[in-house]
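# Summary of structural features
Listed below, chain by chain, are the residues.
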Amino acid sequence: MTATREKQFENYETMMNVFGELDNNIKRLSDAFGVSMLAVGTCLSIKGEEAAVEDAMNALEAIEQLSAEHPISSAQVDSVIERVRAGEVVNVNNLLGTVAITARGRIVRAKTFGQRTYVDAIKSNPIVFGVGPAGTGKTYLAVALAVQALKSGEVDRIILTRPAVEAGEKLGFLPGDLNEKVDPYLRPLFDALREFMGEDAYQRSIERGSIEIAPLAYMRGRTLGDSFIILDEAQNTTPEQMEMFLTRMGENSRVVVTGDLTQIDLPKTQLCGMKHAISALKDVKGIKIVHLTSKDVVRNEFVARIVEAYEKYESNRRDKADPNGENEDINAE
């Protein structure tokens, strides 16, 4: 049954915030729910199938709440649409809460519901796996929460580690001391730390040892207590490395493991440690596995499009190459 509902905005400015640049938000809503939208003055008319109109109105009101607090991103609009289409109640307050504040006073919030789930998981679980494509904020949000925990005295140090396999080089062949050797591999983590701590505080923390940078191989034989430990690019660990890393965890420590399972640089015959751990540990109490998707990409709208295009291409390529699913890469999805 066809229905029509009207949304009256308080003023033109509020309406423009909801509509977004070049009315992109409204176009997204119209396409997602299959409804037509027509604005007259500060009134928006929504017409279509009754259920679709109701969903579009629910999404519209959630977007209005979000845009009243701060400029809304396309990722947030898509996240709202996804939740409404799934029949979920959209709790806007989950997105509005402050995650952290940078050294320059900028407030950092979760920008998608997936990111909010990830942040809440880190706050309430000793070990969290953040799995998802580039641009979903896996590393950035983990560092933000690590700095917050250090500043509040919840932990005594932050430990950053990452497998050094991306460039196909061994650390021993790189020039400089240990910090200089691992610097290229941990640069994204350094940049995030500087943003949240400020340059001076960051350097003092490095000198005092309250921030420690170490290659994954240097974790062996240690017990890491009172620490917030981040293992980045974990898709490039072996199962043996991952087990070794996770069993380093000491009292009053928290671990965040981040990685993108579509970017595995291991030999095709080598099982991915992150995939292995997710399968082995999925039912262990206190371990939370959060899957972020292209809907959670917040860097740039085109990054999400690129991720989706690659996922579609790889899926089609695998189907054509081996329709029966045989003889696949050991780490293939």
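The text that follows walks through the structure, step by step, so that each part is easy to find. Given the structure is predicted, the values throughout are model-derived calculations rather than measurements. (Residues numbered from 1 in each chain as written. Predicted model: local features only at pLDDT ≥ 70, side-chain atom pairs only at ≥ 80, totals over all residues. Heavy atoms only, no water.)

## Topic: the overall build of the chain
Across its full length, the chain carries 12 helices and 11 strands. With 333 residues in all, the chain has 48% of them scored as buried. At a minimum sequence separation of 6, the contacts of the chain that also span at least 24 residues come to 70%. Carbon and sulfur atoms provide 48% of the accessible area of the chain, an area that totals close to 17,200 Å². (Helix = DSSP H or I, 4+ residues; strand = E, 2+ residues; numbered from the N terminus. Buried < 20%, exposed > 50% of the residue type's maximum accessible area, 1.4 Å probe, protein only. Contact = heavy atoms within 4.5 Å. Areas by Shrake-Rupley, 256 points an atom, 1.4 Å probe, with all protein chains shown as cover.)

## Considerations on helix 3 (residues 50-69)
Taking 1.5 Å per residue, 20 residues should reach 28 Å; helix 3 reaches 30 Å between its end C-alpha atoms and fits that length. Residues A52, V53, A56, M57, A59, L60, A62, I63, E64, L66 and S67 constitute the buried set of helix 3. (Expected span 1.5 Å × (residues − 1).)

## Observations concerning the sheet that holds strand 2 (residues 36-40)
Read from one edge to the other, the open sheet built from 3 strands follows the order 1-3-2, with strand pairing classed as antiparallel. Where the open sheet ends on each side, the last strands, each with one partner, are strand 1 (2-8) and strand 2. On average, each strand axis in the sheet is inclined to that of its neighbour by 20°, with strand direction left out of account. Note that strand 1 and strand 3 (residues 43-49) share 7 bridges and pair antiparallel. (Pairing = 2+ DSSP bridges. Axes fitted to C-alpha atoms, helices over the stretch in contact; angles between N-to-C directions.)

## Observations regarding the packing of helix 1 (residues 12-19) against helix 3
For any two helices packed against each other, the geometry comes down to the angle between their axes and how far apart the axes lie. One can describe the packing of helix 1 onto helix 3 by two numbers: an axis separation of 9 Å at closest approach and a directional angle of 110°. When the axes of helix 1 and helix 3 are compared, the pair comes out roughly perpendicular. Between helix 1, through T14, N17 and V18, and helix 3, the contact on the second element is made entirely by L60, I63, E64 and S67. In terms of residue class, the contact of helix 1 with helix 3 is built from 3 nonpolar, 3 polar and 1 charged. (Parallel < 35°, antiparallel > 145°, perpendicular 65-115°, else oblique. Nonpolar A, V, L, I, M, F, W, Y, C, P; charged D, E, K, R; others polar.)

## Side note on the sheet that holds strand 11 (residues 287-291)
Spatial strand order, 8-7-9-10-6-11: 6 strands in an open sheet with parallel pairing. For this open sheet the edge positions go to strand 8 (211-213) and strand 11, each flanked by a neighbour on one side alone. Strand-to-strand twist across the sheet, computed as the mean angle between neighbouring axes with direction ignored, equals 15°. Two elements, strand 7 (residues 157-161) and strand 9 (residues 227-231), share 5 bridges in a ladder whose sense is parallel.

## Topic: the packing of aromatic side chains
The full count for this structure, using the stated rule, is 3 aromatic pairs. Plain terms: the ring middles of F9 and F19 are 6.1 Å apart, the flat faces sit at 75° to each other, and that makes the pair edge-to-face. Placement of the pair is F9 in the loop between strand 1 and helix 1 and F19 in helix 1, with a sequence separation of 10 residues. When its relative accessible area of 2% is taken as the criterion, F9 is described as buried. By relative accessible area, F19 is classed as buried at 5%. (Phe/Tyr/Trp six-rings, centres within 6.5 Å; stacked < 30°, edge-to-face > 60°.)

## Let's talk about the packing of helix 6 (residues 113-124) against helix 7 (residues 138-151)
Contact geometry of helix 6 with helix 7 gives a least axis separation of 11 Å together with a crossing angle of 35°. Note that helix 6 runs across helix 7; the crossing there is right-handed. On helix 7, the residues that touch Q115, Y118, V119, I122 and K123 of helix 6 are K138, L141, A142, L145 and Q148. Of the residues assigned to the contact of helix 6 with helix 7, the class counts are 6 nonpolar, 2 polar and 2 charged. (Left-handed = near helix turned anticlockwise from the far one by under 90°.)

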